[in-house]
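Structural overview
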Amino acid sequence: MGSWVSYNWTNCYIKEFILFGFPSLQNFQVALFWIFLSIYLLTITGNGTIFLLTNLDHKLQTPMYFFVSHLSFLDLSYTTVTIPKMLAKFLVNSSTISFSGCILQMYLYISLTAAECFLLAVMSFDRYYAICQPLYYTTRMTRNFCICLSTSAWIGGFLAPLITTVLASRLPFCGKNVIHHYYCDHPPLLQLAGTDTSLNVLVGSSFGAFVIISSFSLVLFSYVKILSSIIKINSPEGQRKAFSTCTSHLIVVNVFFLPLIFMYIRPTASYSPDVDSLVPVLYSVLTPMVNPVIYTLRNKDIKEALRKKLNFSQTISS
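About the thresholds
- Residues numbered from 1 in each chain as written.
- Predicted model: local features only at pLDDT ≥ 70, side-chain atom pairs only at ≥ 80, totals over all residues.
- Heavy atoms only, no water.
- Helix = DSSP H or I, 4+ residues; strand = E, 2+ residues; numbered from the N terminus.
- Buried < 20%, exposed > 50% of the residue type's maximum accessible area, 1.4 Å probe, protein only.
- Contact = heavy atoms within 4.5 Å.
- Areas by Shrake-Rupley, 256 points an atom, 1.4 Å probe, with all protein chains shown as cover.
- pLDDT = per-residue confidence, 0-100.
- Salt bridge = Lys/Arg side-chain N within 4 Å of Asp/Glu carboxyl O.
- Phe/Tyr/Trp six-rings, centres within 6.5 Å; stacked < 30°, edge-to-face > 60°.
- Axes fitted to C-alpha atoms, helices over the stretch in contact; angles between N-to-C directions.
- Parallel < 35°, antiparallel > 145°, perpendicular 65-115°, else oblique.
- Left-handed = near helix turned anticlockwise from the far one by under 90°.
- Nonpolar A, V, L, I, M, F, W, Y, C, P; charged D, E, K, R; others polar.
- Disulfide = S-S within 2.5 Å.

Next up on the list: the overall build of the chain. For the chain, the count of helices and strands is 12 helices and 3 strands. Going through the 318 residues of the chain one by one, you find that 48% of them count as buried. Of the contacts formed within the chain by residues at least 6 apart in sequence, a portion of 80% connects residues at least 24 apart. When the accessible surface of the chain is summed, it comes to about 15,400 Å², and 68% of that surface belongs to carbon and sulfur atoms.

Written as structure tokens, this is what we have:
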């Protein structure tokens, strides 16, 4: 810790970083622009539609859809923090980002990631009550209680990376300013520091492990209870119906958590530019895009609400 406190900061101040991206894909900037623009537009359209439907349709005013609306808004925020800057790089080669902008982007990105971890855990808790304790579901999962749970997920997400961000912002960066990533994230940023980053790695890994393990453990606990309750249902049709209410959430949990665990729960700060730049795309870009598809294709209520809104729009236009 003393090494960076006593460092000569006057000679180690970088005003901006260069986001280099995938080293092996530098010749495909135009193709990447159209690919990520399509992903971004699909993400905005899908999550925006679900957010509006779950807030405007009275049949979707239930705890489950309340949390789905928060997930959609979170995914909208999530992608907006990273993709626009990526598109600027692809289109006009705008690769630079200010030091303060980089730190802010990193903080928002990690905060929203943590908030989604907590929100997915809260959603599993909701499914646990709906299936394991259906008689108490409406009395326990009140609107005020749902608001408290979702607010806790958001606050917890934005508090979790505060210490990590502050420590990273105080590191000396001397000379090297090329980040082999498409946005500012903690592991690639530490690679550029001009001093020992073992404290940063320890703090970042500890907080990351706490967020991921605590939220994923709650998800596992909930689904162990859910599966044990479903097994006790005598009717195969009843079992299928009960499990179908969890399928969408379960798919989203796996798509989101598996690459996240690979990226952040590691004993060292080892960094492979190609692999560690590509893996985050799975949960920071693709997951927000596929979440609306998963919830729409496997959910009759959302499909019915969407059908009603489209028919109403056609009636108005005609």
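From this point, things continue past the structure.
Summary statistics for the chain give a mean pLDDT of 84 and a share of 86% for residues scoring 70 or more. At the low end of the mean pLDDT range in the chain sits helix α1 (residues 2–5), at 39; at the high end sits helix α6 (residues 143–159), at 95. Below pLDDT 50 for its whole length, residues 1–10 participates in 18 contacts with residues either more than four positions away or in separate chains.

Once that is clear, we can look at the pattern of salt bridges. Going through the model one piece at a time under the given rule, you end up with 2 salt bridges. A salt bridge links Arg-240 to Glu-237; the nearest nitrogen and oxygen atoms lie 2.8 Å apart. Highlighted residues: Arg-240 and Glu-237, both in helix α10 (residues 236–264), separated by 3 residues, approximately one helical turn. Classification of Arg-240 by relative accessible area gives partly exposed; the value is 48%.

This part takes up the packing of aromatic side chains. In this structure the tally under the stated criterion is 18 aromatic pairs. Note on Tyr-78 and Tyr-109: the rings are 5.8 Å apart at their centroids and 5° apart in plane angle, and the pair reads as stacked. One end of the pair, Tyr-78, is in helix α3 (residues 63–92); the other, Tyr-109, is in helix α4 (residues 99–132), with 31 residues separating them in the sequence. Grouping residues by exposure puts Tyr-78 and Tyr-109 together as buried. Ring pairs connect the aromatic residues Phe-51, Phe-73, Tyr-107, Trp-154 and Phe-158, which therefore count as one cluster.

With respect to the element layout, Val-122 can be found in helix α4. Classification of Val-122 as buried rests on a relative accessible area of 12%. Sequence-distant contacts of Val-122, defined by excluding residues within four places in its chain, comprise Phe-67 and Leu-149.

Here the focus is the packing of α3 against α4. At a minimum axis separation of 10 Å, α3 and α4 run at an interaxial angle of 160°. Looking at the two axes, α3 sits roughly antiparallel to α4. The way α3 lies across α4 gives a crossing that is left-handed. Taken together, the residues of the contact of α3 with α4 break down into 16 nonpolar, 5 polar and 5 charged.

Next up on the list: the state of the cysteines. Applying the stated rule across the entire model yields 1 disulfide. Covalently, Cys-102 is tied to Cys-184 through a disulfide, its sulfur atoms 2.0 Å apart. Looking along the S-S bond of the Cys-102-Cys-184 disulfide, the torsion reads about -120°, which is the left-handed sense. Of the two residues, Cys-102 is situated in helix α4 and Cys-184 in the loop between β3 (178–179) and α8 (186–190); the sequence distance between them amounts to 82 residues. We note that Cys-102, like Cys-184, is buried.

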